[in-house]
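Structural characterization, general
So the chains spell out like this:
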Amino acid sequence: MQLLVGEIENGIFLGAFFVLIALGYSMVYGILRLINFAHGDFYMMAAYVSFAIFGAVGISHLHSKWPVVLVVGLITMIATGALAVLAERLIYRPMRRAALLSLMIAALGLSQVLENGVLNIPAWGSQYRTYPVTSSAAGTSILGTQFTYAQIAMVIISGLLAVGVYYLVGRTLIGKAMRAVAEDRVAASLMGVNVDLVISLVFFVGGALAGAAAVMDSLYYGQINYLMGFTVGLQAFTAAVLGGIGNIAGAVVGGLLLGIVESIGTGIFGAEWSVVVAFGVLVVMLWVRPNGLLGERVARRM
Amino acid sequence: MVQTRARKLVSVVAAAGTVAIGTSVVASAGAAASTPRALGHAAGSVYSIGVPMPETGPNAQAGTEIFDGELLAANQINAHGGILGHKLKLNEQDDACDPQTSAAAATKLVSQGVQAFVGNYCSGAALPAEPIVKRAGLPNIQPSANDPSLTAAKLNNVFLMDPTSSGDATEATAFFKKVEHVKKVLIADDQSTFAVGVANLAYRDMKKAGISVPAIQAVPATQTDFSSVISVVKSSGAQGVYWTGYYAQAALFAKQLRAAGLKKVVYAVADGSVDPTFISDAGPAGNGTFATIVDTTQFLGGKNAKLFIKQYRKAFHSAPGPYSAYGYDAINTLAAAANNAHSIAPAKVIQALHKVHYHGLTGAVSFTKVGARVGAKFVVLEVRKGQYTVAPKQP
């Protein structure tokens, strides 16, 4: 029982990162019907951008420096958001009328460009890089499992960001515009919605969330590498599908569920089975509910 | 930490340099191929050696360190006129510690006409290259790969400088039982050939020694989060953990184990995880952890080893890695065999390697019938104040 409770808690921590990245997949899918396979690599880029900023600032321990970390985190979020907007502007926008498959292939291409581009930057690529700042190991016990304060803060931050996005999409005028574009791009533009701007904004929010996830992940694990976005990207994509892609609440539920299932899979069957269990659950879930847990009709996805 | 980063940077620059050397060798080999082949074997010619090593990915640093050890040996031999008048040329190829890339690298090197192989850092990369090198009839010396499967095919051209991982498992078992008096140990690997090999041997040895093993956890190599594995450590009541995978994950595991409050669990790793990167990544959590390893470069005693370390530092502006001396000895062993054979013809060198008795930095070098190293010793290391030291209590 203690093992199960511990694994669920670990799963929530793991899932908090999946949620942030899954939100980016889901929002972009909701508005463009595009599975942006480069999204995981935006996350990787964010880790390297913050790595470079920390290197330039030159601090090496988080203790009492958290305002600096916060500022770097915000800069990284903006930079990653900008990168996502740039990718949309340069690659996806000119192809918007093309077949969805072409867009998907372009996304895969961009993913390869980013990964191998980082690989070829001498101070970045090839080796595992030690992140210059790491969170402290101080912590406390929750229901019998030890967590660091940083971990707790990260879960809270993820939760706040997810709530923020939910509010943005569901309750604001910008969100209404996003939903309108998702439902019918042409009709929305006839109603005076600036479609290009709204789509750019969706990419920006998705990128920024990936940026936040990357900084927190790097602070906690202390290692970054040029392929780090690939695995996480795949898991987050799975989480988005699990919850119902295009659905904000679905990304949150899917992310947490995937984290918990992976953790329990390890606890019960051993680490070698965690991926099998996680994806097995996905297959069964899609069999039972083809649109994901909270999946809605296509037109009302956002 | 800043210092470590600087060192890594240097090694990257060094790697970039070696790549440049590699390409120039490729270029010259290409030029040689267009001239009549007979010319290539005349006096004063080149003894071309294929060196597949990981230059990218998590094992790039270790690959560079071994290559530099080999380069140092080759330069010294060349400074004394080469082998039987042939200058050594190291022909580097990236194997990325990956089976497919390694097979492609081996094929490429064979087609470039290399006359010997001294390479591969990872056992998983060495294995698929074996039949390719065998078909080409070339000697295949492995400086650090040491999985038992490498000699299982009983090819007569494979020679492992690094003793097989059964030594790791035996040393770890003795350490947990006799030094730490631990009754329950969780074993974890990263699903790589080497790690699974050591994990299975350790499982067998520990059971035999009366240590109970709740599980062998096979953690995918891309996984960064160990919390669920740590929950298993906790719930099973294991007093020790033996990680047989590589260093990038070893650091993550150690850090998360300590952060989870398991401060008294004895954490030991096999030699794939012994690397300066482990210490820098694990930070304070690295202190008080142990490692089983063959007597590697930095723990070698004696005048020759000290001279080697000095020369290495001078040449590459960084400290040698654990297996640098094995790379150095690998080239010198090849040279000794060729000198004994009075020929660099691959078949004759292979014959000579079977009979070789060379005294290298890493001790006496000779091989069993299937090519396993004879005579190297194992040691338990402890990380203290961010440094690898020989553990005060040896089993």
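Each chain carries its own residue numbering, running from 1 in the direction its sequence is written. Chain letters start at A and ligand numbers start at 1, both assigned in the order the entries are written. Per-residue local features of the predicted model are confined to residues with pLDDT of at least 70, and side-chain atom pairs are confined, for both listing and counting, to 80 or more; whole-chain, interface and lining totals are unaffected and use all residues. Hydrogens are left out, water is left out, and the side-chain values use all remaining heavy atoms of the structure.

1. Some details on the overall build of chain B
Looking only at helices and strands, chain B has 14 helices and 15 strands in total. Only heavy atoms matter for contacts: two residues are in contact if any of them lie within 4.5 Å across the pair. Of the contacts made within chain B by residues no fewer than 6 positions apart, 71% connect residues no fewer than 24 positions apart. In this description, accessible areas are obtained by the Shrake-Rupley approach with a 1.4 Å probe, and a residue is regarded as covered only by the protein chains that are shown. Carbon and sulfur atoms form 59% of the exposed surface of chain B, whose accessible area is close to 14,700 Å². Per the convention used, a helix needs a DSSP run of H or I reaching at least four residues, while a strand needs a run of E reaching at least two, with both numbered from the N terminus.

2. Observations concerning the packing of aromatic side chains
Residues and elements named next belong to chain B. In this scheme Phe, Tyr and Trp rings, the latter by its six-membered ring, pair at centre separations within 6.5 Å, and the angle between planes marks the pair as stacked below 30 degrees, edge-to-face above 60, and tilted otherwise. One pass over the full model with this rule turns up 24 aromatic pairs over all chains. Measuring from centroid to centroid gives 6.3 Å for Tyr-121 and Tyr-246, while their planes differ by 45°, and the two rings are tilted. Of this pair, Tyr-121 sits in the loop between strand 3 (116–118) and helix 5 (123–136) while Tyr-246 sits in the loop between strand 8 (240–243) and helix 10 (247–259), and the two are 125 residues apart along the sequence. Owing to a relative accessible area of 6%, Tyr-121 belongs among the buried residues under this scheme. Accessibility here uses a 1.4 Å probe with only protein chains present; expressed as a share of the type maximum, an area under 20% marks a residue as buried, one over 50% as exposed, and anything in between as partly exposed. Residue class for Tyr-246 comes out buried when judged on its relative accessible area of 13%. Measuring from centroid to centroid gives 4.7 Å for Phe-175 and Phe-290, while their planes differ by 50°, and the two rings are tilted. With Phe-175 in helix 7 (residues 166–179) and Phe-290 in strand 10 (residues 290–294), this pair connects stretches of sequence that are 115 residues apart. On the basis of relative accessibility, which here comes to 1%, the residue Phe-175 falls in the buried class. A network of ring pairs unites the aromatic residues Tyr-121, Phe-194, Tyr-246, Tyr-323 and Tyr-326 as a single cluster.

3. Things to note about the nonpolar core
Residues enter a nonpolar core if they are buried and are Ala, Val, Leu, Ile, Met, Phe, Trp, Tyr or Cys, with the set joined through side-chain atoms within 4.5 Å. Grouped together as the largest cluster of nonpolar side chains are 198 residues, with contacts concentrated most on Ile-49, Phe-176, Tyr-242, Phe-253, Tyr-267 and Phe-278 of chain B. A per-element tally of this core places helix 8 (residues 195–221) of chain A first, with 17 residues. Residue ranges for the domains trace back to a domain assignment, done automatically or taken from a database. Both domains that meet at this core, namely domain 1 (2–163 + 301–377) and domain 2 (166–269) of chain B, each give it at least three residues.

4. Thoughts on the pattern of salt bridges
Each salt bridge in this description consists of a side-chain nitrogen of Lys or Arg and a carboxyl oxygen of Asp or Glu lying within 4 Å of one another. Inspection of the entire model under this criterion finds six salt bridges over all chains. Put simply, Arg-93 of chain A and Glu-88 of chain A hold a salt bridge, and the shortest N to O gap is 3.3 Å. Judged on exposure class, the residue Arg-93 of chain A and its partner Glu-88 of chain A are both buried. Asp-205 of chain B serves as the salt-bridge partner of Arg-204 of chain B, at 3.6 Å between the closest nitrogen and oxygen. Taking relative accessible area as the criterion, Arg-204 of chain B reaches 46% and is therefore assigned partly exposed. With a relative accessible area of 14%, Asp-205 of chain B lands in the buried category. Here the salt bridges do not stand alone but share partners, grouping Glu-88, Arg-93, Arg-96 and Asp-196 of chain A into one network.

5. With respect to the sheet that holds strand 12 (residues 363–367) of chain B
Working definition: the strands of a sheet are paired by backbone hydrogen bonds and lie parallel or antiparallel to each other. Residues and elements named next belong to chain B. The strand order across the open sheet formed by three strands is 11-12-13, and the pairing between neighbours is antiparallel. Each edge of the open sheet carries a strand with a single partner, namely strand 11 (358–360) and strand 13 (373–374). One bridge is not enough; two strands pair if DSSP finds at least two bridges between them. Both strand 12 and strand 13 contribute to a ladder of two bridges, which runs antiparallel. Looking at strand 13, one finds that Phe-367 is bridged to Arg-373. Between the N-to-C directions of two axes lies an angle of 0 to 180 degrees, each axis being a line fitted to C-alpha atoms and, for a helix, fitted only over the stretch in contact. Taken strand by strand, helix 13 (residues 324–341) contacts strand 11, strand 12 and strand 13, and its axis lies near 160° from that of strand 11.

6. Looking at unusual backbone geometry
All names here are of chain B. Within the chain, Asn-120 stands out as a residue other than glycine whose phi angle is a positive 75°. With respect to the secondary-structure elements, Asn-120 resides in the loop between strand 3 and helix 5. Residue Asn-120 is classed as buried on the basis of its relative accessible area, which comes to 2%. With a phi angle near 55°, Lys-154 is a residue other than glycine that sits in the positive phi range. Among the secondary structure elements, Lys-154 is positioned in the loop between helix 6 (149–152) and strand 5 (158–160).

7. A few points about the domain arrangement of chain B
All names here are of chain B. Once the domains are mapped, chain B shows domain 1 (2–163 + 301–377) and domain 2 (166–269). Contacts between the two partners involve 12 residues from domain 1 and, on the opposite side, six residues from domain 2. Where domain 1 packs against domain 2, one counts zero salt bridges. Elements that contribute at least two residues to the side of domain 1 that touches domain 2 include exactly helix 3 (60–79) and helix 5.

8. Looking at the interface of chain A and chain B
How big an interface is tends to be stated in terms of the accessible area lost upon association of its parts. Contact residues are listed per partner, giving 36 residues for chain A and 39 residues for chain B. A combined buried area of about 2,900 Å² lies between chain A and chain B, and 54% of that area is made up of carbon and sulfur atoms. The buried area of a pairing is the accessible area, by a 1.4 Å probe, that goes missing from both parts when the two are put together, added over both. On the chain A side of the interface with chain B, the three residues burying the most area are Gln-127, Tyr-128 and Tyr-221 of chain A, jointly 21% of the side's total. Viewed at the interface, chain B and chain A are joined by zero salt bridges. In terms of residue count, helix 1 (residues 2–32) of chain A provides more of the side of chain A that touches chain B than any other element does, six residues in total. Amino acid classes used here: Ala, Val, Leu, Ile, Met, Phe, Trp, Tyr, Cys and Pro are nonpolar; Asp, Glu, Lys and Arg are charged; the rest, including Gly, are polar. Residue composition of the side of chain A that touches chain B, by class: 14 nonpolar, 19 polar and three charged.

9. Points about empty space enclosed by the protein
Every definition here rests on a 1 Å grid over the protein atoms only: cavities are sets of points where a 1.4 Å probe fits but cannot get out, pockets are open sets enclosed by protein on both sides within 12 Å along at least five of seven lines, and lining residues have some atom within 4 Å of a point. Grid points are joined across faces, edges and corners, and a volume is the space filled by probe spheres set on the points. Taken as a whole and assessed by the stated rule, the structure comprises four cavities of 30 Å³ or more. Of the voids in this model, the largest cavity is the one considered here, and its volume is about 80 Å³. Together, Tyr-121, Cys-122, Ser-123, Ser-144, Ala-145, Asn-146, Asp-162, Phe-194, Tyr-246, Asp-271, Gly-272 and Tyr-323 of chain B line the largest cavity. Here the residues of the lining of the largest cavity are counted per class, giving six nonpolar, four polar and two charged. The computed volume of the second largest cavity comes to approximately 40 Å³. What lines the second largest cavity is Gln-127 and Tyr-128 of chain A together with Pro-58, Gln-61, Tyr-247 and Thr-277 of chain B. Residue classes in the lining of the second largest cavity are distributed as three nonpolar, three polar and no charged.

10. Notes on the packing of helix 1 of chain A against helix 10 (residues 248–269) of chain A
Here helix 1 of chain A crosses helix 10 of chain A at 145°, and the two axes come no closer than 6 Å. When the axes of helix 1 of chain A and helix 10 of chain A are compared, the crossing they make is right-handed. In this scheme, a crossing is called left-handed if the near helix is turned counterclockwise away from the far one by less than a right angle; it is called right-handed if the turn is clockwise.

11. A closer look at the pairing of strand 12 of chain B
Residue and element names in this part refer to chain B. When strand 11 meets strand 12, the two strands line up antiparallel, connected through three bridges. Within strand 12, the residue paired with Gly-360 across the bridge is Gly-363. In this antiparallel pair of consecutive strands, strand 11 and strand 12, the connection spans two residues.

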